[in-house]
Amino acid sequence: MDRKVAIVTGSRRGIGKAIVIKLAQKGYDIVINDKEDENSVNELVDLIKKDYGVNALGIMADVSEENNVKKLLEEVKKKFGSIEVLINNAAIVEDMELDDRPIEVFNNTIKNNINSTYLMSKYVGGEMFNNKHGKIINISSTNGINAFFPTSIDYDASKAAVISLTHNFALAYAPYVLVNSIAPGWVNTDMNKDLPKELVLEESEKIYLKRFAEPEEIASLVAFLVSEECSYINGEIIKIDGGY
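The structure presented is a predicted model; accordingly, all values stated were derived computationally and were not measured. Here, residues in each chain are numbered from 1, in the same order as that chain's written sequence. In keeping with the model being predicted, local features are shown solely for residues with a pLDDT of at least 70 and side-chain atom pairs are shown and tallied solely at 80 or more, while totals for entire chains, interfaces and linings include all residues. Each side-chain value is derived from all of the structure's non-hydrogen atoms; neither hydrogens nor water enter the calculation.

Draft legend 1. Layout of the packing of aromatic side chains. Here the aromatic set is Phe, Tyr and Trp, taking the six-membered ring for Trp, and pairing holds for ring centres within 6.5 Å; pairs whose planes are under 30 degrees apart are stacked, those over 60 apart are edge-to-face, and all others are tilted. Evaluated as defined, the whole model comprises six aromatic pairs. A centroid spacing of 5.2 Å and a plane angle of 10 degrees characterise the contact between Trp186 and Phe212, whose relative ring orientation is stacked. Remark: Phe212 occurs in the loop between helix H6 (197-206) and helix H7 (215-225) and Trp186 occurs in the loop between strand S6 (177-184) and H6; sequence separation between them is 26 residues. Look at Trp186 and you get buried, because its relative accessible area is 17%. Taken together, the ring pairs in this structure connect Tyr118, Phe129, Phe169, Tyr173 and Tyr176 into an aromatic cluster. Just above the ring of Phe80 sits the side chain of Lys79; from NZ or CZ to the centre is 5.9 Å. Helix and strand labels come from DSSP, where a helix needs a run of H or I of at least four residues and a strand needs a run of E of at least two; each type is numbered from the N terminus. For the exposure calls, accessible area comes from a 1.4 Å probe over protein chains only, and a residue counts as buried if that area is under 20% of its type's maximum, exposed if over 50%, partly exposed in between. Comment: the charge-over-ring label is applied if NZ (Lys) or CZ (Arg) is within 6 Å of the ring centre and within 35 degrees of the ring normal.

Okay, structure coming up:
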């Protein structure tokens, strides 16, 4: 049986892990990528193979580095051949007061969050374009649209840039590759587990549904956007924030 292949960057935990599991449930062969915690990546690979009967490959790589992206692409092509789906999920955030943020931290966030999306879209997306089929989903954030926090100013800027990249790659790869972005609001992930309780309550009250999203709810939207049922949505930014 020929199965479609999906690469999910930054996928050892949180939204990325939920996307991996959801796509495996849908029958995709999966490439799990992260740059930290190889044990967690290997455990997820084993889980995917055992529970869902699909192939899975774990690749440890910092995809904000061009040489790493090239090596990743070659490894995936050698293992699976063509690539049908790319989920650009890799990102970091480091909250701190604006006056305390050194330029090195700002630059590191920008490099990780923007370069990874750009490079993966350029090389993996370019392969899709040559093959005349494929779908790319960039994980942005409402922080790049209408939810601004000076304590995460570099993260917010990077997620706005991901939205711009989405529009440009959708145009560059038309008509063969569909490129869209989803912009989650607050999600119950490890990234947010240490937020002050007062902030969680305050932000939950702003949300129409009065709660944070679960990672699986984000993954369900991704699964639709990469499915055959989604054939005429391109260059779009879709908020998933429970109403905010």
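Okay, back to it.
Draft legend 2. Geometry of the nonpolar core. Buried Ala, Val, Leu, Ile, Met, Phe, Trp, Tyr and Cys residues form a nonpolar core when they are joined through side-chain atoms within 4.5 Å. If you look at the biggest cluster of nonpolar residues, it comprises 33 residues, and the most contacted ones within it are Ile19, Leu23, Ile30, Ile48 and Ile87. Taken together, the elements giving at least two residues each to this core come down to strand S1 (5-8), helix H1 (14-25), strand S2 (29-34), helix H2 (38-52), strand S4 (85-88), strand S5 (134-139) and H7. Looking at which element gives the most residues to this core, the answer is H1, with seven residues.

Draft legend 3. Region of the structure containing the pattern of salt bridges. Every case where a carboxyl oxygen of Asp or Glu lies within 4 Å of a side-chain nitrogen of Lys or Arg is listed as a salt bridge. For the structure shown, the criterion picks out 16 salt bridges. For Arg12, the salt bridge goes to Asp37, with nearest N and O atoms at 3.9 Å. Placement of the pair is Arg12 in the loop between S1 and H1 and Asp37 in the loop between S2 and H2, with a sequence separation of 25 residues. Where Lys50 meets Asp51, a salt bridge forms, and the shortest distance between an N and an O atom there is 3.6 Å. Lys50 gets classed as exposed once you look at its relative accessible area, which sits at 71%. Where salt bridges share partners, they join Arg12, Asp34, Glu36 and Asp37 into one cluster.

Draft legend 4. Examining the pairing of S6 more closely. When you tally the buried positions in S6, you get eight out of eight residues, the bulk of the element. On S6, burial covers both faces: Val177, Val179, Ser181 and Ala183 on one face and Leu178, Asn180, Ile182 and Pro184 on the other are all buried. Alignment of S5 against S6, held across six bridges, turns out to be parallel. Across the sheet, the residue bridging to Lys135 is Leu178, located in S6. Taken together, S5, helix H5 (residues 153-172) and S6 constitute a β-α-β crossover, and its handedness is right-handed. By the convention used here, strands pair only if DSSP detects at least 2 bridges between them. Every crossover in which the path from the first strand over the helix to the second runs clockwise, viewed with the strands pointing away from the viewer, is termed right-handed.

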